[in-house]
Amino acid sequence: MSLSTLPDAELVRRCKAGDEDAWNELVARFSRYVYAICTRGFRLSDTDAEDVFQELFARVYTNLHTLRDDAAVRPWIAQLTRRLCIDTLAKGERERPDAEPLPDAHGNDLAEIDEAFEVREAVATLSDTCQEMLDRFFARDQSYRTISEELELPAGTIASRIARCLGKLRIELEGRNQPPPGSRE
Amino acid sequence: MSEQLGEERLGALLRVLRPAPKGWVRAAQELPLARRTLDEIVERAEADRAFREALIADLEQALAGEGYERDPRIVAELRRRLSEK
């Protein structure tokens, strides 16, 4: 099993044991999540978002051994990030007393970020090509032409490939949402 | 995630988690290395009086003189630790 497919709990266990490759994967796995909370959930400026991002991972690195439930790393990271964002906003308000009050967390956006993380976990179960294609088109805003050139695929097939990958993703997500056997719902 | 996702909604959710800037990710991934370097410098400063005094006199120059790469996190943390002693 490659590091990218390890469950969170196993990844955290390896990080706690000092495995630096596992740490690299942990940062890679949660970097977009933390970035989204900072920039989308709290609308931080790039400078503030970078400070929060670095401080967050420094705290995670220092305090990971205190996490009792290794599988709960995502809510723990979310809580730490939210707290750092709130502190940053509060500090900004203190330094600019005449400024308009800054927005607090956007609750809907935070819920959507969690939903997006679950979709991303489902994407990770698709083929490498589908993962690459969906990420380039949706998360990196690449055009069909760029995707075609960089992945060396015929330009005319990109749209249909993306549609097929979305179909597979939907099937994967529906499978996850099926009620367990014997459930009444 | 309870509701069935349409293609449009799925696309919107895929757009939410955009890549963080590469430099930010790399800096976070290099934390273990930065911590090791920091510990090494502190250990040496405790054992080597001349080195410690050079650090106190001009931290950044002393580090550069010993061939340490300039890392703002290490410099800030060293400043904090040296001021505590």
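Please read these numbers as outputs of a predicted model, since none were measured by experiment.

Caption draft 1: Summary view of the domain arrangement of chain A. The domains assigned to chain A are domain 1 (1–106) and domain 2 (125–177). Computed from C-alpha coordinates alone, the two centres of domain 1 of chain A and domain 2 of chain A are separated by 28 Å.

Caption draft 2: Layout of the interface of chain A and chain B. Residue-level contacts link 35 residues of chain A with 22 residues of chain B. With 11 residues, the top contributor of residues to the side of chain A that touches chain B is helix H2 (residues 20–41) of chain A. Tallied by class, the residues present in the side of chain A that touches chain B amount to 20 nonpolar, four polar and 11 charged.

Caption draft 3: Representation of the nonpolar core in the model. One finds Val34, Cys38 and Phe53 of chain A to be the most contacted residues of the largest nonpolar core, which totals 53 residues. Considering each element in turn, this core owes the most residues, 10 residues, to H2 of chain A. For this core, the domains that each give at least three residues are domain 1 (1–106) and domain 2 (125–177) of chain A. Excluding residues that lie within four positions of it along the chain, Phe53 of chain A makes contacts with Val34, Tyr35 and Cys38 of chain A together with Ala20 and Trp24 of chain B. With six residues, the next largest nonpolar core counts Ile41, Leu55, Leu63 and Leu78 of chain B among its residues.

Definitions and limits used
- Residues numbered from 1 in each chain as written.
- Chains lettered and ligands numbered in written order.
- Predicted model: local features only at pLDDT ≥ 70, side-chain atom pairs only at ≥ 80, totals over all residues.
- Domains from an automatic or database assignment.
- Contact = placed C-beta atoms within 7 Å.
- Helix = DSSP H or I, 4+ residues; strand = E, 2+ residues; numbered from the N terminus.
- Nonpolar A, V, L, I, M, F, W, Y, C, P; charged D, E, K, R; others polar.
- Core = buried A, V, L, I, M, F, W, Y, C linked by C-beta atoms within 7 Å.
- Buried ≥ 20, exposed ≤ 12 C-beta atoms within 10 Å, placed from the backbone.

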